[in-house]
Amino acid sequence: MVKLIHTLADHGDDVNCCAFSSSLLATCSLDKTIRLYSLSDFTELPHSPLKFHTYAVHCCCFSPSGHVLASCSTDGTTVLWNTQNGETLAVMEQPTGSPVRVCKFSPDATCLVSGAADGTVVLWNAQSYKLYRCGSVKDGSLVACAFSPNGNLFVTGSSCGDLTVWDDKMRCLHSEKAHDLGITCCDFSSQPVTDGEHGLQFFRLASCGQDCQIKIWVVSFTHVLARSMEDQVKFTEDWSEEDVSVWLCAQGLSDLVGIFKMNNIDGRELLNLTKESLADDLKIESLGLRSKVLRKIEELRTKVKTLSSGIPDEFLCPITRELMKDPVIASDGYSYEKEAMENWISKKKRTSPMTNLVLPSVVLTPNRTLKMAISRWLETHQK
């Protein structure tokens, strides 16, 4: 049964978006305002409408608690509001000044994403109101955004039909043409799906477009974790059995997940595996497979040793996460290992590995100051 119970007609122009919290309804419009209504009787709150934007408001969304409302506009700003009194908490300007089409809070309310008409996407710290990371898509306006239920990744959709998956450090994990005539909306299912064979988790994602189609996607959180686990290598000994399963899949060893889980192999056990234990305890019969596993474990041990040695983070290449030997400065202002950055550019990646923005130039300048600092550090720590 469907029954109309109320009609609101306070806006003076097209209403672009509406959002619910546990006690409020928010709406935003081409008339530049945001309005707040009580769910108990649909009366407008005393401090509504909320006025700041100088042009049309395209999207609004509540934080999970409902205490903060975000709105974004053609004026190039994303505004945070206190829903209890209507006060402006922060005005966050899109770095490029482009009209902001969509905004979304992370499930834990620590971050906010804003997507603009020029394809730029910004990840804001929702507590300090400062820009955390910025990226961009190749073509089209960003018109849709959704966070995974655990907040470890989010997806953006563009008017050109591209669907892009990002992790919580703004690294682009996947991008593809999802709809021929542009994406209009996307959202994650609130419940993960578990792979019965390996016990790994996946998320279902729905996207809809102007091509009259709704597409259902499966996003493997395993692969997302594998991309971010480089930042956690130094804590390998603390890995759970699930973390080890993720690592195996990332190394192309997913067939061994069941065996490792059956033997309760966690991070500490992984680092202590030998060719004898692989053959005698885990019963891996293939010599070639045992050799591959040992090789990958040895690579992991080397990374653990490197990262646990106290190397200053600024001495590590952002691409390889290894100590730089020949650091260079790219046009994004960051320093990289020369060979790694040259390989990055040679693969037609004209975007910054750190910001995902297009590099103004591919010229690499030797960073002699950093090279000298690394040399002095090595002299001190290798005695």
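Cut-offs applied
- Each residue is numbered by its place in its chain's sequence as written, counting from 1.
- In view of the model being predicted, local features appear only for residues whose pLDDT reaches at least 70, and side-chain atom pairs are presented and counted only at 80 or more, with totals across whole chains, interfaces and linings using the full set of residues.
- To get the side-chain values, all heavy atoms of the structure are used, and hydrogens and water are removed first.
- Strands are runs of DSSP state E lasting at least two residues, helices are runs of H or I lasting at least four, and both sets are numbered from the N terminus onward.
- Whether two residues are in contact is decided by their heavy atoms, any of which lying within 4.5 Å being enough.
- Method for areas: the Shrake-Rupley scheme with a 1.4 Å probe, in which residue coverage is limited to the protein chains shown.
- Under the counting rule used here, the positive set is Lys and Arg, the negative set is Asp and Glu, and His together with the chain ends is not counted.
- To locate a charge, the coordinates of NZ of Lys, CZ of Arg, CG of Asp or CD of Glu are taken.
- At least two DSSP bridges between two strands are required for those strands to pair.
- Two aromatic rings, drawn from Phe, Tyr or Trp (for Trp, its six-membered ring), form a pair once their centres lie within 6.5 Å of each other, and the interplanar angle then sorts them: stacked below 30 degrees, edge-to-face above 60, tilted otherwise.
- Using a 1.4 Å probe on the protein chains alone, a residue whose accessible area is under 20% of its type maximum counts as buried, one over 50% counts as exposed, and one in between counts as partly exposed.
- UniProt positions are given in the numbering used here, feature names are shortened, and annotations may be inferred rather than shown by experiment.

### Quick notes on the overall build of the protein chain
On a plain count of helices and strands, the protein chain comes out with 8 helices and 23 strands. The C-alpha extent of the protein chain, read off along each of the three principal axes, is 75 × 55 × 40 Å. Excluding contacts between residues fewer than 6 apart, the proportion of contacts in the protein chain whose partners are at least 24 apart in sequence is 42%. Summed over its atoms, the accessible surface of the protein chain is roughly 19700 Å², and 51% of this surface lies on carbon and sulfur atoms. Mean positive and mean negative side-chain charge positions of the protein chain (38 and 46 charges, respectively) differ by 6 Å.

### Some details on the sheet that holds strand E4 (residues 50-51)
Reading across from one edge, E1-E2-E3-E4 is the order of the 4 strands in this open sheet, with antiparallel pairing throughout. Each edge of the sheet is formed by a strand with only one pairing partner; in this case those strands are strand E1 (15-20) and E4. Of the strand pairs in this sheet, strand E2 (residues 24-29) and strand E3 (residues 33-38) are connected by 5 bridges, and their pairing is antiparallel. When the bridges of E3 are listed, Thr 27 appears paired with Arg 35.

### Focus: the packing of aromatic side chains
The description of an aromatic ring pair uses the distance of the two centres, along with the angle that the planes make with each other. Throughout the structure, instances matching the rule amount to 4 aromatic pairs. Between the aromatic rings of Phe 147 and Phe 154, the centroid separation amounts to 5.3 Å while the plane-to-plane angle is 45°, which identifies the pairing as tilted. Given the relative accessible area of 0%, Phe 154 is considered buried. Ring plane angle 75° and centroid distance 6.4 Å describe the contact between Phe 315 and Trp 377, whose orientation is recorded as edge-to-face. Remark: Trp 377 occurs in helix H8 (residues 368-381) and Phe 315 occurs in the loop between helix H6 (287-307) and strand E21 (327-329); sequence separation between them is 62 residues. Exposure class is identical for Phe 315 and Trp 377. Each is buried.

### Brief notes about the side chain of Ser 29
Position of Ser 29 relative to the elements: it lies in strand E2. With sequence-adjacent residues up to four places away left out, Ser 29 is seen in contact with His 11, Asp 13, Asp 14, Val 15, Asn 16, Ala 56 and Val 57.

### Notes on the UniProt feature "domain: SAM" (unreviewed entry) in the protein chain
In the UniProt entry, the feature "domain: SAM" (unreviewed entry) is given for residues 239-303. A helix fraction of 68% and a strand fraction of 0% characterise residues 239-303, whose end C-alpha atoms lie 15 Å from each other.

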